[in-house]
Amino acid sequence: MAKLSTDELLDAFKEMTLIELSEFVKQFEDTFNVTAAAPVAVAAAGAGGAAPEAEAEQDEFDVVLTAAGDKKIQVIKEVRALTSLGLKEAKDLVDGAPKAVLEKVDKAAADKAKEQLEGAGATVELK
């Protein structure tokens, strides 16, 4: 097999859907016995020692679905609208609650998402 350049690899990844890319990452991790999340966890742990005022002025929020409530279908529809996930992925996310619907979004987007999900009957919290 010919060796691909970094640009050629990036072009190939740009053509993939998020699900295909996610499956690729899982297979890559299995093949090379590595974890893509490890550097992120180390960076997050290192950031934990930052100044306390950084905690008070949080500018990125995670929207976490804690319970779907009675109107599960409406909640799935809202999750799909917010995340552009497919039907199966959105259903799996709602069924697996508590799960993050959106991660690292600004305060306005987090509040809007929380309002939409709660309007559909879900229980949501911001972290």
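Residues numbered from 1 in each chain as written. Predicted model: local features only at pLDDT ≥ 70, side-chain atom pairs only at ≥ 80, totals over all residues. Heavy atoms only, no water.

Asker: Explain the environment of E125 to me, and be specific about the residues and the numbers.
Answerer: The residue E125 is located in strand 3 (residues 123-126) in this model. Sequence separation between E125 and A100 is 25 residues, and the spatial gap between their C-alpha atoms is 9.4 Å. Of the polar contacts made by the side chain of E125, one reaches the side chain of K127; its length is 3.4 Å. (Helix = DSSP H or I, 4+ residues; strand = E, 2+ residues; numbered from the N terminus. Polar contact = N/O pair within 3.5 Å; in protein donor to acceptor, adjacent residues only side chain to side chain.)

Asker: Lay out the pattern of salt bridges in plain terms, naming residues and giving numbers.
Answerer: Oppositely charged side chains can form a pair if their charged atoms are brought close together. One pass over the full model with this rule turns up 5 salt bridges. The residue K91 makes a salt bridge to D95 at a minimum N-O spacing of 2.7 Å. On the criterion of helical spacing, the pair formed by K91 and D95 is a turn pair, its members being 4 residues apart in helix 6 (residues 87-95). Relative accessible area serves as the criterion here: at 39%, K91 is assigned to the partly exposed category. D111 serves as the salt-bridge partner of K107, at 3.5 Å between the closest nitrogen and oxygen. Taken as a pair, K107 and D111 lie in helix 7 (residues 107-119) at a separation of 4 residues, close to a single helical turn. Residues joined in a network through salt bridges with shared partners are K72, K91 and D95. (Salt bridge = Lys/Arg side-chain N within 4 Å of Asp/Glu carboxyl O. Buried < 20%, exposed > 50% of the residue type's maximum accessible area, 1.4 Å probe, protein only.)

Asker: How would you summarise the layout of surface pockets if you had to cite specific residues and measurements?
Answerer: In this approach a probe as big as a water molecule rolls over the atoms, and the regions it shows empty are the leftover space. Of the pockets and cavities examined, the second largest pocket occupies roughly 320 Å³. In terms of lining residues, the second largest pocket is bounded by 13 residues, among which L18, I19, S22, L85 and E89 are the most central. Of all the elements in the fold, those that place two or more residues in the lining of the second largest pocket are helix 2 (18-32) and helix 6. If you tally residues by element for the lining of the second largest pocket, the top one is helix 2, at 5 residues. Counting residues domain by domain, the lining of the second largest pocket receives three or more from each of domain 1 (1-33) and domain 2 (64-126). (1 Å grid on protein atoms, 1.4 Å probe; cavity = no way out; pocket = protein on both sides within 12 Å on 5 of 7 lines; lining within 4 Å. Points joined across faces, edges and corners; volume = space filled by probe spheres on them. Domains from an automatic or database assignment.)

Read these as layout, nothing more, since geometry by itself doesn't imply function.
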